[in-house]
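Residues per chain, in single letters:
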Amino acid sequence: MAKSKPANKYAAAKRPTLSDERKFGRLGYFVGRAVTNIRQNVLINVLTVVTITFAILLVSLFLLVYVNLQGAVDTFSEKVQVTAYFDNELTPAEFAALKDRIVGLSGVDRVSYVSKDDAMRRFRDRLEGQESILEGVPSEVLPSSIEITLKRSQRSSAAVEAFVKRLKTVSGIGEVQYGEEWLRRFSTFMDFMRITGIVLGGFILLAVVFIVSNTIKLTIFARKDELEVLSLVGATRLFIKIPFMIEGVLQGATGSALALAILGGCYLVFLRNAGNFLSLNPVTAGITFLPVEYLGGLFCGGVLLGFFGSLVSLKRFVSTDS
Amino acid sequence: MIQLHNVFLTYHKEQTALDGVNLRIPKGDFVFLTGPSGAGKSTLLKLFYAALRPTRGQVVIDGKNVNRLPEGQIPYLRRMVGVVFQDFKLLPNRTVQENVAITLEVLGWGQKDIGKRVYHTLKQMGLEHKMNSTPLRLSGGEQQRVALARALVNEPRILLADEPTGNLDDANKEQILNLLKEANIRGTTVVVATHDRRLIDTSHRRVIVLDKGQIVEDSHGQE
Ligand SMILES: Nc1ncnc2c1ncn2[C@@H]1O[C@H](COP(=O)(O)OP(=O)(O)O)[C@@H](O)[C@H]1O
Ligand SMILES: [Mg+2]
């Protein structure tokens, strides 16, 4: 309809009718509209972007701490070990066969053999300075054993107990030790960390969604006149919503990019100065930045936050009745 | 064409604003809607652009029954009905040009065509030199004409104006009235709600008088 040039001063535009439905295949128009909206409402947009930045920063800081704590716990869990003794002394061939069967059990990461000599050496090391007590004691006194390290996912109290049950069915295995008491405490600590992480993370996430959606609601409320006018001149709901949704996506992308940049900057500053005030070397302490998947997830989270924040807020203001 | 059959409208606070209205406004008519404040003039206009639906009775606009019109069809009805609101509803952070262009953007016009058409309409309103001003920097009469331009820019079938001469001086009133008449000459049905007696008396058009939500007088005062 737009193409017919008015022939004279009073030439009528083609009159819209009820069935005159035009499809808006013009993403360009909507993006342009969104950008113009941002320019005409700078303050409101800055407010929303700052809120999203703050929100994503909060979540990513939490994740950063959590990931590093988890890493520390994983390293610590190397101490979870199962020691098995044999019914009889084994020949090397017998040991090899037994080792194969143990490695074949599910959950096993590594297996190592501790000979009578190894056992005596360790014992002596532990006695530190009082080795003389052992003088003349033959190394055969201590039994040889096998030390089994379990896979990371199998280091909980329950998993270890289940493994020990399976291990005991292997013929030739006698007594099995695995530091039950210590393991139980360690498992409790891990559960505590996991639950705390989920609760705290969930709480932060809820707070963030609440704050961001309310900010967006406020900013859209501030523009309810615009929404009203659009509706009154005959804009469809979709036509009204699309630019706001694009705006939400742009705000979300800007906010989360800013948040991740700030997080990265803080991390670098921390790395450079940690040695000075913590007397610790962050690299050897195993302090890491967030993995790429997390960063991608956080960015997408920000974008979705902007998008759905706008979508949900619009619902309240875009209705055909005025 | 606008047709109302036995229309009642009650606001949520049991406020009866329209009390059994029967009305027929043919295509191309020019009608004044008058009556004391609170008589139901604005309410009646709101029915015509489906901002309200009747509590009881039928409202038919251009052959479409508003009662049964699905929510999704209301925008298409509004594209046929230009409205000049009593409070103008101009967007303060957009220029005059942008305010008028909204009507055409909604229709999906291209930017070039919008530019030409908006200029053409603003020129009719004598506002082409104010295109890039923002509404708040205009006089009352100028703002009224911007609102009129936005309502007329797509040459709607029906034009509704709520107290369009509200606070204007005589010269401005005259100008607005002439613009409304021009739109009517071009084929648009015009309905003007006003309590301005003088405006009505000098115009020699059909006058519908409302009082307490009822039509108490309907003069087919032809020229
Ligand atoms: N949104 C509303 N809610 C409740 N009552 C309303 C509303 N709008 C108008 N009314 C009432 O409806 C009646 C008609 O109002 P209105 O149509 O604005 O009259 P007019 O335009 O003739 O002055 C009045 O009594 C008014 O108080
Ligand atoms: Mg009124």
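Basis of the calculations
- Residues numbered from 1 in each chain as written.
- Chains lettered and ligands numbered in written order.
- Predicted model: local features only at pLDDT ≥ 70, side-chain atom pairs only at ≥ 80, totals over all residues.
- Heavy atoms only, no water.
- Pairing = 2+ DSSP bridges.
- Helix = DSSP H or I, 4+ residues; strand = E, 2+ residues; numbered from the N terminus.
- Axes fitted to C-alpha atoms, helices over the stretch in contact; angles between N-to-C directions.
- Contact = heavy atoms within 4.5 Å.
- Near = heavy atom within 4 Å.
- Polar contact = N/O pair within 3.5 Å; in protein donor to acceptor, adjacent residues only side chain to side chain.
- Areas by Shrake-Rupley, 256 points an atom, 1.4 Å probe, with all protein chains shown as cover.
- Core = buried A, V, L, I, M, F, W, Y, C linked by side-chain atoms within 4.5 Å.
- Buried < 20%, exposed > 50% of the residue type's maximum accessible area, 1.4 Å probe, protein only.
- Domains from an automatic or database assignment.
- Phe/Tyr/Trp six-rings, centres within 6.5 Å; stacked < 30°, edge-to-face > 60°.
- Parallel < 35°, antiparallel > 145°, perpendicular 65-115°, else oblique.
- Left-handed = near helix turned anticlockwise from the far one by under 90°.
- Nonpolar A, V, L, I, M, F, W, Y, C, P; charged D, E, K, R; others polar.
- Buried area = accessible area lost by both parts, 1.4 Å probe.
- Salt bridge = Lys/Arg side-chain N within 4 Å of Asp/Glu carboxyl O.

1. Looking at the sheet that holds strand β7 (residues 158-162) of chain B
Strand pairing in a sheet is mediated by backbone hydrogen bonds. Such pairs are either parallel or antiparallel.
Residue and element names in this part refer to chain B.
Phase 1 of the analysis: Strand order in the open sheet formed by six strands is β6-β7-β8-β3-β9-β10, and the pairing between neighbours is mixed. Since the sheet does not close on itself, it has two edges, and those belong to β6 (81-84) and β10 (214-219), each with one partner. Looking at each pair of strands side by side, their axes are set apart by 15 degrees on average, direction ignored.
Phase 2 of the analysis: Pairing analysis gives four bridges linking β6 to β7, with the strands arranged parallel. Note that in β7 the partner of Val81 across the bridge is Ile158.
Phase 3 of the analysis: Lying on the sheet, helix α5 (residues 140-152) is in contact with β6 and β7; it crosses β6 at an angle near 170 degrees.
Phase 4 of the analysis: Sitting on the sheet, helix α6 (residues 170-185) touches β3 (30-34), β7 and β8 (189-193), and the angle it makes with β3 is about 135 degrees.

2. A word on the site of ligand 1
Residues and elements named next belong to chain B.
Phase 1 of the analysis: Surrounding ligand 1, one finds Tyr11, Lys13, Gln15, Ala17, Pro36, Ser37, Gly38, Ala39, Gly40, Lys41, Ser42 and Thr43.
Phase 2 of the analysis: In the environment of ligand 1, a nitrogen atom lies 3.4 Å from a nitrogen or oxygen atom belonging to the side chain of Tyr11.
Phase 3 of the analysis: Measuring from an oxygen atom of ligand 1, one finds a side-chain N or O atom of Thr43 at 2.5 Å.
Phase 4 of the analysis: Contact with the protein chains removes 68% of the 560 Å² of surface that ligand 1 exposes when unbound.
Phase 5 of the analysis: Among the elements of the structure, β2 (15-25) and α1 (41-48) are those that each provide at least two residues to the shell around ligand 1.
Phase 6 of the analysis: When residues of the shell around ligand 1 are assigned to their parent elements, the largest contribution, three residues, is made by α1.

3. Section: the sheet that holds strand β1 (residues 2-11) of chain B
All names here are of chain B.
Phase 1 of the analysis: Strand order across the open sheet formed by four strands is β2-β1-β4-β5, with antiparallel pairing between neighbours. In this open sheet, the two strands that pair with only one neighbour each are β2 and β5 (64-65).
Phase 2 of the analysis: For β1 and strand β4 (residues 56-61), the ladder comprises five bridges, and the chain directions are antiparallel. Looking across to β4, one finds that His5 is bridged to Gln58.
Phase 3 of the analysis: Here α1 sits on the sheet and contacts β1, β2 and β4; the angle it forms with β1, its principal contact strand, is near 120 degrees.

4. Some points on the nonpolar core
Residues and elements named next belong to chain B.
Phase 1 of the analysis: Counting residues in hydrophobic clusters, the biggest one holds 39 residues, and the most contacted among them are Phe32, Val118, Leu122, Leu148, Leu159 and Leu180.
Phase 2 of the analysis: Shared between two domains, this core takes at least three residues from each, and those domains are domain 1 (1-80 + 157-223) and domain 2 (91-155).
Phase 3 of the analysis: Apart from residues no more than four positions distant in its own chain, Leu180 is found in contact with Phe30, Leu148, Leu159, Pro164, Val190 and Val192.

5. A closer look at the packing of aromatic side chains
Residues and elements named next belong to chain A.
Phase 1 of the analysis: Using the criterion set out here, one finds eleven aromatic pairs over all chains in the structure.
Phase 2 of the analysis: Arranged with centres 5.6 Å apart and planes meeting at 70 degrees, the rings of Phe30 and Phe239 form a pair that is edge-to-face. Here Phe239 lies in helix α8 (residues 237-278) and Phe30 lies in helix α1 (residues 27-40), a separation of 209 residues in the sequence.
Phase 3 of the analysis: For Phe30, a relative accessible area of 3% gives the class buried.
Phase 4 of the analysis: Here Phe86 and Phe95 contribute two aromatic rings whose centre-to-centre distance is 6.5 Å and whose plane-to-plane angle is 75 degrees, an arrangement assigned as edge-to-face.

6. As for α1 of chain B
Counting along an α-helix, one turn takes 3.6 residues, and residues three or four places apart therefore face a common direction.
Phase 1 of the analysis: Among the eight residues of α1 of chain B, six are classified as buried, and the element is accordingly described as predominantly covered.
Phase 2 of the analysis: Note on α1 of chain B: the residue one or two positions beyond its end, Ala50 of chain B, has a positive phi of about 60 degrees.

7. Some words on the pairing of β2 of chain B
Residues and elements named next belong to chain B.
Phase 1 of the analysis: Bridge analysis of β1 against β2 gives eight bridges, and the strand direction is antiparallel. Pairing of Gln3 across the sheet is with Arg24, part of β2.
Phase 2 of the analysis: Turn length for the β1-β2 hairpin, with the two strands adjacent in sequence and antiparallel, is three residues, and the turn residue Glu14 shows positive phi of about 60 degrees.

8. A closer look at unusual backbone geometry
All names here are of chain B.
Phase 1 of the analysis: The phi angle at Ala50 is positive, at roughly 60 degrees, despite the residue not being glycine.
Phase 2 of the analysis: Judged by its relative accessible area of 0%, Ala50 is buried.
Phase 3 of the analysis: Its identity is not glycine, yet Glu155 carries a phi of approximately 50 degrees, on the positive side.
Phase 4 of the analysis: Mapping Glu155 onto the fold places it in the loop between α5 and β7.

9. As for the packing of helix α3 (residues 96-107) of chain B against α5 of chain B
Residues and elements named next belong to chain B.
Phase 1 of the analysis: In contact at an axis separation of 7 Å, α3 and α5 are set at 30 degrees when each is read in the N-to-C sense. The orientation of α3 relative to α5 falls into the category roughly parallel. Classified by chirality, the crossing of α5 by α3 is right-handed. Residues Val96, Asn99, Val100 and Thr103 of α3 form the contact with α5, whose own contacting residues are Val146, Ala149 and Arg150.
Phase 2 of the analysis: For the contact of α3 with α5, the class distribution of residues is four nonpolar, two polar and one charged.

10. Looking at the domain arrangement of chain B
When the parts come together, some accessible area is lost, and that loss is often what is quoted as the size of the interface.
Residues and elements named next belong to chain B.
Phase 1 of the analysis: What the domain assignment lists for chain B is domain 1 (1-80 + 157-223) and domain 2 (91-155).
Phase 2 of the analysis: On a C-alpha basis, the centroid separation for the pair domain 1 and domain 2 is 23 Å.
Phase 3 of the analysis: Roughly 1,200 Å² of surface becomes buried between domain 1 and domain 2 when both sides are summed, with 59% attributable to carbon and sulfur atoms.
Phase 4 of the analysis: When residues of domain 1 are sorted by the area they lose upon contact with domain 2, Arg79, Leu179 and Arg186 head the list and together hold 43% of the total.
Phase 5 of the analysis: Taken together, domain 1 and domain 2 are joined by one salt bridge.
Phase 6 of the analysis: Among the salt bridges present, the one from Arg186 reaches Glu155, with a minimum N-O distance of 3.2 Å.
Phase 7 of the analysis: In this structure, the connection of domain 1 to domain 2 is made through four residue pairs in polar contact (both at pLDDT 80 or more).

11. Regarding the pattern of salt bridges
Phase 1 of the analysis: Inspection of every chain in the model, using the stated rule, returns 22 salt bridges over all chains.
Phase 2 of the analysis: As a salt-bridge pair, Arg237 of chain A and Glu71 of chain B come within 2.9 Å of each other at their nearest N and O atoms. Of this pair, Arg237 of chain A sits in helix α8 while Glu71 of chain B sits in the loop between β5 and α2 (74-78), placing the two residues on different chains.
Phase 3 of the analysis: For Arg237 of chain A, a relative accessible area of 38% corresponds to the partly exposed category.
Phase 4 of the analysis: A salt bridge links Asp29 of chain B to Arg206 of chain B; its shortest N-O distance comes to 3.3 Å. Taken together, the residues span a long stretch of sequence, with Asp29 of chain B in the loop between β2 and β3 and Arg206 of chain B in strand β9 (residues 206-211) at a distance of 177 residues.
Phase 5 of the analysis: Through salt bridges with shared partners, one network takes in Arg223, Glu226 and Glu247 of chain A together with Arg94 of chain B.

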